[in-house]
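Read off the chains here:
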Amino acid sequence: MKRILITGALGQIGSELTLKLREIYGADQVVATDIKKNDSEAAQSGPFETVDVTDIKQMMETAKKYKVDTIMHLAALLSATAEAKPVVAWNLNMGGLMNALETARELKTQFFTPSSIGAFGPCTPKHHTPQDTIMRPTTMYGVNKVAGELLADYYYHKYGVDTRGLRFPGLISYVALPGGGTTDYAVEIYYEAVKHGRYTSYIEKGTFMDMMYMPDALRAIIDLMEADSSRLKHRNAFNVTAMSVAPGDIAASIANYIPGFEMSYRVDPDRQRIAESWPDSIDASAAREEWGFTYEYDLDKMTQDMIEKLREKL
Ligand code: AKB
């Protein structure tokens, strides 16, 4: 990775990944792209181009202009929004991915795109979900993610594109808010706890899903991209996780640092249904074995850091 183009660079992952990559590889070496520019640090601290990922000409021209050797394709609709607008989701998630892979093929770049725990479905083993297992998701987002994993494998086998990916759990961060995901509650809860000392969860108290703190997610992306290709058996996409938690666990963890924190529940049936179709906990042993995946933040350490950083920010 020497010169990197990021799509969806102003989204939840992109806002922080752009800055991290600029810190490591140099500000001019990381081209942030998104559908619209804003005044965030990611948009202002280095090259930025407006790119609609459904427009292959725009993407290809931008990649050629900067002579990139790596594409990180992050632009996508998350699970709850994709479920509300399935056709839009198919066109953006699959059309965007296809265009990004074609650009990578033509320019012979390395390629990263995230998959998700959303790629799994109700028939998947729920606990310690293995790397290779039944998928059969029941959401449009999940269908996109499984198809995306297979498509990225296809580009590797057919064209030799060095494609790599991670099945991310819910990602928690204090920098940019997620939008339209099922796991968004795990970010909102910290903002509301710091601002108002209470939160109403749209996911039931005991519904477990995997989560990870953003610094660990960024390191996982970079470690995977830097890993020796010959060690990778899976490529698209590795299970990674740092914790399996339910809303009740996060509330209890917050209460240790914000005494009197109040949690209540008003379940959103649509997002609850999505959450219940996903695993409770996934097994990341393939990522550990093939490229040395580790994480630093467990629930308690993440809660401490989130509260400290949000108190400064808010
Ligand atoms: C979502 O909830 O849609 C995402 C994900 C787990 O992929 N955060």
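Quantities reported herein were computed from a predicted structural model and do not represent experimental measurements.

Near the ligand the following residues occur: L78, S79, S116, I117, Y141, P169, G181, T182, T183 and W278. In the environment of the ligand, an oxygen atom lies 2.7 Å from a nitrogen or oxygen atom belonging to the side chain of S116. At 2.8 Å from a nitrogen atom of the ligand is found a side-chain nitrogen or oxygen belonging to T183. Taken by itself the ligand offers 250 Å² of open surface, and the protein chains cover 94% of this. A per-class count over the shell around the ligand returns 5 nonpolar, 5 polar and no charged. Two domains each put at least three residues into the shell around the ligand: domain 1 (4–169 + 212–239) and domain 2 (172–211 + 243–279 + 297–313).

Turning next to the pattern of salt bridges. Taken as a whole and judged by the stated rule, the model has 13 salt bridges. Here E296 and K301 are joined by a salt bridge, their closest N and O atoms 2.9 Å apart. Its relative accessible area of 35% is what places K301 among the partly exposed residues. Several salt bridges share partner residues, and in doing so they unite D162, R164 and R235 into one network.

Taken together, 3 strands build an open sheet; the order of strands is β9-β11-β13 and the sheet is mixed. Unpaired on one side and paired on the other, β9 (170–172) and β13 (243–245) mark the two borders of the sheet. Across the sheet, the mean angle separating the axes of adjacent strands is 40 degrees when strand polarity is ignored. The sheet contact formed by β9 and strand β11 (residues 209–213) spans 3 bridges and is parallel. Bridged to L171 within β11 is M212.

So, about the pairing of strand β1 (residues 4–7). Burial of β1 is two-sided: the residues I4 and I6 facing one way and the residues L5 and T7 facing the other way are all buried. In terms of strand pairing, β1 meets strand β2 (residues 30–34) through 3 bridges, oriented parallel. Within the sheet, the bridge partner assigned to I6 lies in β2 and is A32. Note on the crossover from β1 through helix α1 (residues 12–25) to β2: the handedness is right-handed. Sheet topology places β1 next to strand β4 (residues 70–73); 4 bridges connect them, and they run parallel. The residue of β4 that forms the bridge with I6 is M72.

This part is about the domain arrangement of the chain. Along its sequence, the chain is organised into domain 1 (4–169 + 212–239) and domain 2 (172–211 + 243–279 + 297–313). Centre-to-centre separation of domain 1 and domain 2, based on C-alpha positions: 25 Å. The interface is formed by 25 residues belonging to domain 1 together with 25 residues belonging to domain 2. It is Q12, I117 and Y213 that lose the most area in domain 1 upon contact with domain 2, and together they represent 33% of the buried surface on that side. For the interface between domain 1 and domain 2, the tally reads 0 salt bridges. Counting every contact that joins domain 1 to domain 2 gives 10 residue pairs in polar contact (both at pLDDT 80 or more). When residues of the side of domain 1 that touches domain 2 are traced back to their parent elements, those giving at least two are α1, α4 (79–84), β11 and α8 (214–226). With 4 residues, α4 is the largest single contributor of residues to the side of domain 1 that touches domain 2. Classifying every residue of the side of domain 1 that touches domain 2 gives 11 nonpolar, 10 polar and 4 charged.

The subject of this paragraph is the nonpolar core. Formed by 80 residues in total, the largest nonpolar core has its most connected members in L21, M72, L166, F168, Y190 and W291. Broken down by element, the residue count for this core peaks at 8 residues, all from α8. Two domains each put at least three residues into this core: domain 1 (4–169 + 212–239) and domain 2 (172–211 + 243–279 + 297–313). Excluding its chain neighbours within four sequence positions, the residues that come into contact with F168 are I13, F112, P114, S115, S116, I117, M212, A217, I221 and V240.

The geometry of helix α5 (residues 86–107) relative to helix α6 (residues 140–159) is characterised by a closest axis approach of 10 Å and an angle of 15 degrees between their N-to-C directions. Relative to α6, the element α5 is oriented roughly parallel. Every pair of crossing elements has a handedness; the one defined by α5 and α6 is right-handed. Listed contacts from α6 to P86, A89, W90, N93, M94, L97, M98, L101, E102 and R105 of α5 are M140, Y141, V143, N144, A147, G148, L151, A152, Y155 and Y159. Taken together, the residues that form the contact of α5 with α6 break down as 15 nonpolar, 3 polar and 2 charged.

Cut-offs used in this document
- Residues numbered from 1 in each chain as written.
- Predicted model: local features only at pLDDT ≥ 70, side-chain atom pairs only at ≥ 80, totals over all residues.
- Heavy atoms only, no water.
- Near = heavy atom within 4 Å.
- Polar contact = N/O pair within 3.5 Å; in protein donor to acceptor, adjacent residues only side chain to side chain.
- Areas by Shrake-Rupley, 256 points an atom, 1.4 Å probe, with all protein chains shown as cover.
- Nonpolar A, V, L, I, M, F, W, Y, C, P; charged D, E, K, R; others polar.
- Domains from an automatic or database assignment.
- Salt bridge = Lys/Arg side-chain N within 4 Å of Asp/Glu carboxyl O.
- Buried < 20%, exposed > 50% of the residue type's maximum accessible area, 1.4 Å probe, protein only.
- Pairing = 2+ DSSP bridges.
- Helix = DSSP H or I, 4+ residues; strand = E, 2+ residues; numbered from the N terminus.
- Axes fitted to C-alpha atoms, helices over the stretch in contact; angles between N-to-C directions.
- Right-handed = clockwise from strand over helix to strand, strands pointing away.
- Contact = heavy atoms within 4.5 Å.
- Buried area = accessible area lost by both parts, 1.4 Å probe.
- Core = buried A, V, L, I, M, F, W, Y, C linked by side-chain atoms within 4.5 Å.
- Parallel < 35°, antiparallel > 145°, perpendicular 65-115°, else oblique.
- Left-handed = near helix turned anticlockwise from the far one by under 90°.

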